[in-house]
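Fold and contact review
One letter stands for each residue in the lines below.
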Amino acid sequence: NAPGRLTPLVAPVMQAERYGDKPLYFSDVVVRADSPLTGWNDLAQTVFCYNDKGSHSGYNVVRHQLLGQKPGFFSRVVQSGSHVRSLQWILEGKADCAAIDSTVLEQALRSQPDWATQLRVITSLGPFPMPPLVASRRLGEGRHRVIQQALLQPDSALQHALAQAGMRRFAPVDLALYRPVLQLHTAALAANRKFV
C-alpha cells in the first residue's frame, strides 16, 4: 500500500500565531458573516457542505465530531468538490456551513479579501498535524536526509516562496506524529456514522 512505500520528511509550519510555530492546522467551521449561527450546537438541522470524502479537515473530522451527537444532526449534506467552492456555496446560500482547512481558508482570504467581511469562523476543530511532504522509500535514507536538509535549511529563493505561501518554515516529522489522525479516521469508519 502507499503508506508503506512513502516516508514523511517535513511538514510546513505556518506563519500565523495560532499554530504556535509547530506543523499544525485546524478545521475551521465557517458560516456567512450575517448568519445567526454562533457555535457547533447551532449547526443542528443546517445544510452542511464538504469538499470530498477523502478530506480530513472537511469530512472526516466532522464525521468524528458527530460521534457525540444524535443521528440526523444535519438536515442535508452536499459535496462541493473543493474547499474554495464550499466557501462560495456558503456565500451563495447553497449551504449554511462547511469545515475548511485553516491554511486553505487563509489563502482564500488573501486571494479574496472581501470574503473576510462576508464569512465567519464559529468554531475550530483540532489542531491536527500538518500533511507532510513525503518521499519514496526507494530513494533510501541517504537521499531522504539530503532532501530533508535542503528543506530545513532553505536558500533565499525557497525562503521567499515560503513567505509568499504564508509559511514560516519546514519542520521534521515522522509517522508517529500522524497516528492520532489515523485513529480518528478509524474510529469514525468503525462507527459508520452518517451525517444526516
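Scroll up to find the structure this text is about.
A quick note: this is a predicted structure, and the numbers were derived from the prediction, not measured. (Residues numbered from 1 in each chain as written. Predicted model: local features only at pLDDT ≥ 70, side-chain atom pairs only at ≥ 80, totals over all residues. Heavy atoms only, no water.)

**Things to note about the pattern of salt bridges**
Just so we agree on the cut-off: One speaks of a salt bridge when a side-chain nitrogen belonging to Lys or Arg is within 4 Å of a carboxyl oxygen belonging to Asp or Glu. Think of it in three bands: with a 1.4 Å probe and only protein chains considered, a residue is buried below 20% of the maximum accessible area for its type, exposed above 50%, and partly exposed in between.
Inspection of the entire model under this criterion finds 7 salt bridges. R32 serves as the salt-bridge partner of D34, at 3.0 Å between the closest nitrogen and oxygen. According to the relative accessible area criterion, D34 is exposed, its value standing at 55%. Its salt-bridge partner being E92, residue K94 comes within 3.3 Å of it at the nearest N-O pair. Residue class for K94 comes out partly exposed when judged on its relative accessible area of 44%.

**A closer look at the sheet that holds strand 6 (residues 119-129)**
We apply this condition: Strand pairing requires that DSSP identify at least two bridges connecting the strands. Helix and strand definitions here come from DSSP, where helices need a minimum of 4 consecutive H or I residues and strands a minimum of 2 consecutive E residues; each element is numbered from the N-terminal end. Helix axes are fitted to C-alpha atoms over the stretch in contact, other axes to C-alpha atoms as well, and angles between N-to-C directions run from 0 to 180 degrees.
Pairing within the open sheet is mixed, and its 5 strands lie in the order 4-3-5-2-6. Of all strands in the sheet, those with a lone pairing partner are strand 4 (76-79) and strand 6, marking the two edges. Averaged over all neighbouring strand pairs, the angle between strand axes comes to 25°, with direction disregarded. Taken together, the 4 bridges between strand 2 (residues 24-32) and strand 5 (residues 97-101) define a ladder with antiparallel strand orientation.

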